[in-house]
Amino acid sequence: MKRILYSILFLSCLLISKTSIAQNLVSFEFKSSLPVIAFQLVIGSEAKYGVDSYKITYTTTDIRGALDTASGLVVIPKTSAIVFPLGLVQHGTVSGRDDVPSNLRGGYELGAAFSSAGYVVMMPDYLGLGDSRGFHPYVHADTEASAGI
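What counts as what
- Residues numbered from 1 in each chain as written.
- Predicted model: local features only at pLDDT ≥ 70, side-chain atom pairs only at ≥ 80, totals over all residues.
- Heavy atoms only, no water.
- Core = buried A, V, L, I, M, F, W, Y, C linked by side-chain atoms within 4.5 Å.
- Buried < 20%, exposed > 50% of the residue type's maximum accessible area, 1.4 Å probe, protein only.
- Helix = DSSP H or I, 4+ residues; strand = E, 2+ residues; numbered from the N terminus.
- Contact = heavy atoms within 4.5 Å.
- Patch = residues over 30% accessible without salt bridge, like charges linked within 9 Å, V, L, I, M, F, W, Y side chains within 5 Å.
- Areas by Shrake-Rupley, 256 points an atom, 1.4 Å probe, with all protein chains shown as cover.
- Salt bridge = Lys/Arg side-chain N within 4 Å of Asp/Glu carboxyl O.
- Phe/Tyr/Trp six-rings, centres within 6.5 Å; stacked < 30°, edge-to-face > 60°.

Student: Please clarify how the nonpolar core should be interpreted in this entry.
Tutor: It is characteristic of soluble globular proteins that their nonpolar side chains tend to be buried jointly. Phe-39, Ala-47, Val-51, Leu-73, Val-75, Val-89, Tyr-108, Ala-112, Val-121 and Met-123 form the largest nonpolar core, which has 10 residues in total. Where this core is concerned, the elements lending two or more residues are strand 3 (67–78), helix 3 (108–116) and strand 5 (120–124). Not counting the four nearest positions on each side in its chain, Val-121 is found in contact with Leu-73, Val-74, Val-75, Gly-87, Val-89, Gly-111, Phe-114 and Ser-115. Within the second largest apolar cluster, seven residues are counted, among which are Tyr-58, Ala-70, Phe-84 and Val-120.

Student: Would you explain a nonpolar patch on the surface in this entry?
Tutor: On the surface, Ile-37, Leu-41, Val-42 and Ile-43 cluster together to form a nonpolar patch covering roughly 420 Å² of accessible area. Its place among the elements puts Ile-43 in helix 2 (residues 36–43).

Student: Explanation requested: helix 3 in the structure shown.
Tutor: An α-helical segment advances 3.6 residues per turn. Residues three or four places apart therefore align on the same side. Within the span of helix 3, buried status applies to Tyr-108, Gly-111, Ala-112, Ala-113, Ser-115 and Ser-116. Its buried side turned inward, helix 3 meets helix 2, strand 2 (50–61), strand 3 and strand 5. Of the residues flanking the end of helix 3, it is Gly-118, one or two places downstream, whose phi is positive at about 115°.

Student: When you look at the side chain of Ser-53 in this model, what are you seeing that I'm missing?
Tutor: Within the secondary structure, Ser-53 is located in strand 2. Judged by relative accessible area, Ser-53 falls into the buried class, the value being 1%. When neighbours within four sequence positions are excluded, Ser-53 is seen to be in contact with Glu-29, Phe-30, Lys-31, Ser-32, Leu-73, Val-74, Val-75 and Leu-104.

Student: How should I be thinking about the packing of aromatic side chains in this particular structure?
Tutor: A complete count under the given rule lists four aromatic pairs for this structure. On the basis of an interplanar angle of 80° and a centroid distance of 5.6 Å, the ring pair of Tyr-49 and Phe-84 is categorised as edge-to-face. With Tyr-49 in the loop between helix 2 and strand 2 and Phe-84 in the loop between strand 3 and strand 4 (86–88), this residue pair connects regions lying 35 residues apart in the sequence. Three or more aromatic residues link up through ring pairs in this structure, and these residues are Phe-28, Phe-30 and Tyr-54.

Structure follows, in structure tokens:
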């Protein structure tokens, strides 16, 4: 049983290292700050923190496995606490290249609401959307997963 468990752990590490080699932060930019009252009016007592939103650009792999630059949004609770759970919100179909979380559109409010409840939330724009060049490979599992990783 231990051999199987160690084999699965080893293979998982290989998969993670293969896909995460290309993930590097290129830049970040402060986008907005929202007070806790904005969330308490909508989601009630679950909201405990105000949030700060940052647009990030990072490298990831494209449909052919080559390096590409993508963008996304990171939403962080405003508090002096250091440790929070990490959340990932991957948006659905958007109406255009600029209708994405990093532009504070495309459903970014959901990630901000989770962050007000105490999560650090990441929201990738996906390849071909936001600041990424080229076309968006719609419903392409590998690139959508890579953008989230």
